[in-house]
Amino acid sequence: MKWTYKTYLRIGVISFIILGIGHLYGEVQMSSDGSIEKHLDQYDFKLLGSTFSLYQFHLGYSLMMGLLIIFIGLLLLTLQEIQKQTLLLLAIGSIIICGLIWYFFALPGQIFSTISAVFFSLAYWKFPKVE
């Protein structure tokens, strides 16, 4: 089997989708025992005329982030053709995301973000040269 840039891209995308699913699962598990809710519900803030607890903001933002990661991955899976510049942006973005996840989050996210970063970079590197 010959590994083309599309093979590397698909592996990176699948890892990205798993990262999003894991993010949603982790958020739901973290919220299920109520300990984070009890702590973060103590702090309220106003944003553009609306009042939120820090827990509501954290939960909404975290769920949105997990869904965005999943849908970006699904969008990438549906592409028939991709430009080299798009692969470069994916590689750079996934490397930045990987660095942030290694700094702020736990091992499962670190593993899948690293896989995505490596395989998006390989897809960029293996993209055929236009003559």
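Higher on the page you've got the structure.
Basis of the calculations
Residues numbered from 1 in each chain as written. Predicted model: local features only at pLDDT ≥ 70, side-chain atom pairs only at ≥ 80, totals over all residues. Heavy atoms only, no water. Helix = DSSP H or I, 4+ residues; strand = E, 2+ residues; numbered from the N terminus. Polar contact = N/O pair within 3.5 Å; in protein donor to acceptor, adjacent residues only side chain to side chain. Contact = heavy atoms within 4.5 Å. Core = buried A, V, L, I, M, F, W, Y, C linked by side-chain atoms within 4.5 Å. Buried < 20%, exposed > 50% of the residue type's maximum accessible area, 1.4 Å probe, protein only. Phe/Tyr/Trp six-rings, centres within 6.5 Å; stacked < 30°, edge-to-face > 60°. Lys NZ or Arg CZ within 6 Å of the ring centre and 35° of its normal. Salt bridge = Lys/Arg side-chain N within 4 Å of Asp/Glu carboxyl O.

Details of the side chain of Ser113
So, point 1. Residue placement: Ser113 occurs in helix 5 (residues 107-126).
So, point 2. Reaching out from Ser113, the side chain makes a polar contact with the backbone oxygen of Gly109 at a distance of 2.9 Å.
So, point 3. What Ser113 contacts, discounting residues up to four positions off in sequence, is Leu19, Cys98, Ile101 and Trp102.

What to know about the nonpolar core
So, point 1. Among the nonpolar cores identified, the biggest contains 17 residues, and Leu9, Ile82, Leu87, Leu90 and Phe120 are the most heavily contacted of them.
So, point 2. It is helix 1 (residues 5-32) that contributes the most residues to this core, seven residues altogether.
So, point 3. The contact partners of Leu9, leaving out residues within four places of it in the chain, are Ile82, Leu87, Leu90, Phe119, Phe120 and Ala123.

Some points on the packing of aromatic side chains
So, point 1. Counting across every chain of the model gives eight aromatic pairs.
So, point 2. A centroid spacing of 5.9 Å and a plane angle of 35° characterise the contact between Tyr8 and Phe119, whose relative ring orientation is tilted. Placement of the pair is Tyr8 in helix 1 and Phe119 in helix 5, with a sequence separation of 111 residues. Comparing Tyr8 with Phe119 shows no difference in burial state: the two are buried.
So, point 3. Each member of the aromatic cluster is reached from another via a ring pair, and the members are Phe45, Phe52, Phe57 and Tyr61.
So, point 4. Directly above the ring of Tyr124 sits Lys84, whose terminal nitrogen or CZ lies 4.9 Å from the centroid.

Considerations on the pattern of salt bridges
So, point 1. Using the criterion set out here, one finds one salt bridge in the structure.
So, point 2. Glu81 serves as the salt-bridge partner of Lys6, at 3.5 Å between the closest nitrogen and oxygen. Taken together, the residues span a long stretch of sequence, with Lys6 in helix 1 and Glu81 in the loop between helix 3 (54-78) and helix 4 (84-104) at a distance of 75 residues.
So, point 3. Judged by its relative accessible area of 27%, Lys6 falls in the partly exposed class.

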